[in-house]
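# Commentary on secondary and tertiary structure
As a plain string of letters, each chain reads:
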Amino acid sequence: MTQRFAFTFGGLQLARHRWAAALLLLATLTVTAISLPSITFEADLQRGFAAGTPDEQAYGELLRGRETRSRPVMLLIEDTEPFSASDLDALNIMMLDLALTPGVAQIISPFSLRYPPDHPTAPGGLVLNPADGEAGVQTLQAYTADIPGLSAMIADDLATMITTIVPTGGLSLSDVRAMLAEVETLAAPLEADGLRISITGEDAIGFALTDALSNDLIVLNSIGSAAAFLISLVALRSFRWAIISFVPALLASATSLGLFAVFGLPITVMSVVVPILVLVLALADGLHLTSAARAHMATMPWREALIAAIKQVAPANALTSITTGIGFAAISVSSFDQLDELGLSGCVSVLGAYWVVTAGVIVLMPLATLGKRHKPAEDGTKPKAMLTTPLPAFLPRLVLRFPMAVLIGGGLVFGLSAVASSRVDAWFPLYANLPEDSPVGRAHRVIEDKFGGYLPMWFEFSAENPDEAWPTTQAIVAAITDAAPSLTVLSDVTLAAWLGDPTQRPDAEIMAQLPSSLTGDLYDPERGIHRVIALAPEPMHDRITRREHDAMVNGAREAGADQIFGFPPALRNQGLSIVHQLGQSLLIACIVATLMVALAYRNLLLAPILLLPNLLPLLAATSLLHLLNDGHANPTAVLALTVAFGIAIDDSIHVLNRYMVERASGAAIDQALSRTIILTGGVLLTTTLVISIGTASTFFSSFPNVRLFGSMLILIFLSALVADLLVLPALIKKGWWR
């Protein structure tokens, strides 16, 4: 017979030495209070995709030698009707003012485009004359239409314009934020006159992200905390006992937040859910522990009742923390810093939460007897137990009478879910990491829809001299324009077309007249490096964009590009790599957590028995991505699967514990299974509802990905409950394990 897992991981020692529990809480409170003001939020989008690939190393080499910042700031200017002469004049003045703004190296706008030096009527003159109004815009569009890869920067509706602000090199993020504030000040008078001016770009998106994360952190934890206390109050039906279960959970959540500052880790879109996740898990542990202690106080003094409760409940709580910690730790098996950081913070948080909750309940237990003398009831009257949700009476009968039908049904759901899951597509759009109502995100999508994109994408190759590089440059540009005709392309070929002959390489005299910031990007004479730059959309804007991106990259490589880098390739390659590596982490978590539980019970035969009922919820939730997220599996969805497995296996642990207690007391298999489903099922249903209601606070997030994370977790929690109350007992009934 398998032995019941009974190790409390220090919980029993804390109960016997309450001073140690108090010291642990005091130390935790002190460290948390000191560290919370130092919390930071991730504003560097590209850091999340850094994996040290050869293309990234080439990109880093380029950035170290640039005169300007590699991440341009984009202005989207919109009107309800075509720009008038007065609109254009006001915008032109604003561009001149922007050029004088500290931190701005260059302004690229429709007003900065000039005719070539040998133009027959306006040599070197400006193409767009603001005084010409709509006619001037049409002249600009007609001129740029004849130059492949050159954008007029005014859309076909004549009422939408983009401008690129190129910051100077070496600016810090705080410097860039200050520069953007100045841009907003300059744009305010024009917005008052009816123009709509929006700022976007990698840095602007990063700033919008940090602002939204800060707000989300407050909203999610406030709502989650309020819900957690109400849940405790309803479940325990006592204000004192609700305090005993809720306060330690709240402290555990605050501690998990403080750990980010302790480890020097910024909070990201994926890690912002860690504190609320710790809160609901810690609350479930607190409810189990306080409910057991309250029941034991009917027959013994509170100190003895507390020790008895810890012996009864703490092993399962500890094992749950370990399996959840394993889920987070598995995430760290990656080549991405942000995943490693998430794995570290999540693992330490859930493991620490076990001791914080256990110590908190121990320290607060005297509240249960505050103001009254407590002694065990002589007549055996029990105090109010935790409110549990009754299960349907037919469940035990269904499992015991028709175990094979239950297993066939579970197998059918397993198979159908597996097929549906195999058709889920890995997908990682940048806009999904922004709040839905973000003006920065809206501007980002409008620019991609109307202008093709703005994110610099670099195609690099080596050649001895410009003459030798010319044929390769032509071939790469042709590959780009064939695959994505709407993109703006900067290259020697573009300059040649601007000069009037796209087949003739610009000579050295002409190149010397151009800004060094441009020529330096296209050619590095010291290293013999030549480049073509395409202003591209994020590859997963939609499926068509992804196909164009892949065709462009493949064609450019065939044409001679040695390295292709920038944010778009990182989104396409590293973004999907994050999804795939999280998938590997999920596999590791499933194997390690299952073996951990089997070893805890000293029976490796448990491993395959546990896998079926715990993989079933994961496959079911993955298949539902077709309804929840258009059939796309992004990092958030796979992260939810990885973390949820460690949590969901908790139900299996409680079922096995109760079953072994019943068998040890002499009950036959059928009787033991029936009592397990009846006695444990109601408690598990209650705690599942508790965790699900707490997790539902993610629905108030402004981030679609955070809401998806919460939805996935709740689906897994509910389906895991069903699997553990039906499939697992049916496996035992059929003799797969005794």
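Computed from a prediction, not measured in an experiment: that's the story for all the values here. (Residues numbered from 1 in each chain as written. Predicted model: local features only at pLDDT ≥ 70, side-chain atom pairs only at ≥ 80, totals over all residues. Heavy atoms only, no water.)

### Here's the deal with the overall build of the protein chain
- Along the protein chain, the regular secondary structure elements total 25 helices and 11 strands.
- Seen through its principal axes, the protein chain has C-alpha atoms that stretch 110 × 55 × 45 Å.
- Within the protein chain, the proportion of its 738 residues that are buried is 59%.
- Counted over contacts in the protein chain with a minimum sequence separation of 6, partners at least 24 positions apart contribute 80%.
- Roughly 29,200 Å² of accessible area belongs to the protein chain as shown, and the carbon and sulfur atoms make up 61% of that amount.
- Each charge sign in the protein chain was given a centre, from 43 positive and 63 negative side chains, and these centres are 27 Å apart. (Helix = DSSP H or I, 4+ residues; strand = E, 2+ residues; numbered from the N terminus. Buried < 20%, exposed > 50% of the residue type's maximum accessible area, 1.4 Å probe, protein only. Contact = heavy atoms within 4.5 Å. Areas by Shrake-Rupley, 256 points an atom, 1.4 Å probe, with all protein chains shown as cover. Lys, Arg positive; Asp, Glu negative; His and termini not counted. Charge placed at Lys NZ, Arg CZ, Asp CG, Glu CD.)

### Quick look at the environment of Ala178
- Along the polypeptide, Ala178 turns up in helix α6 (residues 173-192).
- Between the C-alpha atom of Ala178 and that of Gly103, which follows or precedes it by 75 residues, the distance is 9.0 Å.

### Considering the sheet that holds strand β4 (residues 196-200)
- If you trace the four strands from one edge of the open sheet to the other, you get β2-β3-β1-β4, paired in antiparallel fashion. One side of each edge strand has no neighbouring strand; the edge strands of this open sheet are β2 (104-108) and β4. Across this sheet, the average inter-strand angle for adjacent strands is 20°, counted without regard to direction.
- Examined bridge by bridge, strand β1 (residues 73-78) and β4 share five bridges and lie antiparallel to one another. (Pairing = 2+ DSSP bridges. Axes fitted to C-alpha atoms, helices over the stretch in contact; angles between N-to-C directions.)

### Describing the pattern of salt bridges
- Applying the stated criterion to the full structure yields 13 salt bridges.
- The partner of Glu436 in a salt bridge is Arg707, and the shortest N-O contact between them spans 2.9 Å. Of the two residues, Glu436 is situated in the loop between β5 (425-426) and α14 (439-451) and Arg707 in helix α25 (residues 704-733); the sequence distance between them amounts to 271 residues.
- Between Arg658 and Glu662 there is a salt bridge; the shortest N-O distance is 3.0 Å. (Salt bridge = Lys/Arg side-chain N within 4 Å of Asp/Glu carboxyl O.)

### Side note on the packing of aromatic side chains
- In the structure shown here, the tally under the stated rule is four aromatic pairs.
- Note on Tyr115 and Tyr143: the rings are 5.0 Å apart at their centroids and 75° apart in plane angle, and the pair reads as edge-to-face. Of this pair, Tyr115 sits in the loop between β2 and α5 (133-145) while Tyr143 sits in helix α5; the two residues are 28 residues apart in sequence, bridging distant segments of the chain. Accessibility classification places Tyr115 together with Tyr143 in one group, the buried group.
- For the pair Phe229 and Phe246, a centre-to-centre distance of 5.3 Å together with 70° between the ring planes defines the contact as edge-to-face. Highlighted residues: Phe229 in helix α7 (residues 202-236) and Phe246 in helix α8 (residues 239-262), separated in sequence by 17 residues. (Phe/Tyr/Trp six-rings, centres within 6.5 Å; stacked < 30°, edge-to-face > 60°.)

### Details of the packing of helix α13 (residues 403-422) against α25
- Viewed as axis vectors pointing N to C, α13 and α25 meet at an angle of 130°, and their least axial separation amounts to 9 Å. Between α13 and α25, the crossing angle belongs to the class labelled oblique. Crossing of α13 over α25 shows left-handed handedness. Of the residues in α25, those touching α13 at Pro403, Val406 and Leu407 are Leu726, Val727, Ala730, Leu731 and Lys733.
- In the contact of α13 with α25, the residues fall into seven nonpolar, no polar and one charged. (Parallel < 35°, antiparallel > 145°, perpendicular 65-115°, else oblique. Left-handed = near helix turned anticlockwise from the far one by under 90°. Nonpolar A, V, L, I, M, F, W, Y, C, P; charged D, E, K, R; others polar.)

### Re the nonpolar core
- Counting 205 residues, the largest nonpolar core has Ile77, Leu91, Met94, Ile165, Leu277 and Phe328 as the members making the most contacts within it.
- The residues contacting Met94, other than those within four sequence positions of it, are Leu75, Ile77, Leu186, Ala187, Leu190 and Ile197.
- Of all hydrophobic cores here, the second largest spans 24 residues; its members include Ala469, Ile476, Ala496 and Ala561. (Core = buried A, V, L, I, M, F, W, Y, C linked by side-chain atoms within 4.5 Å.)

### Regarding unusual backbone geometry
- One non-glycine residue, Met153, lies in positive phi territory at about 65°.
- With respect to the element layout, Met153 can be found in the loop between α5 and β3 (160-167).
- Phi at Arg237 takes a positive value of approximately 55°, unusual for a residue other than glycine.
- Within the secondary structure, Arg237 is located in the loop between α7 and α8.
- Note on Arg237: relative accessible area 40%, which makes it partly exposed.

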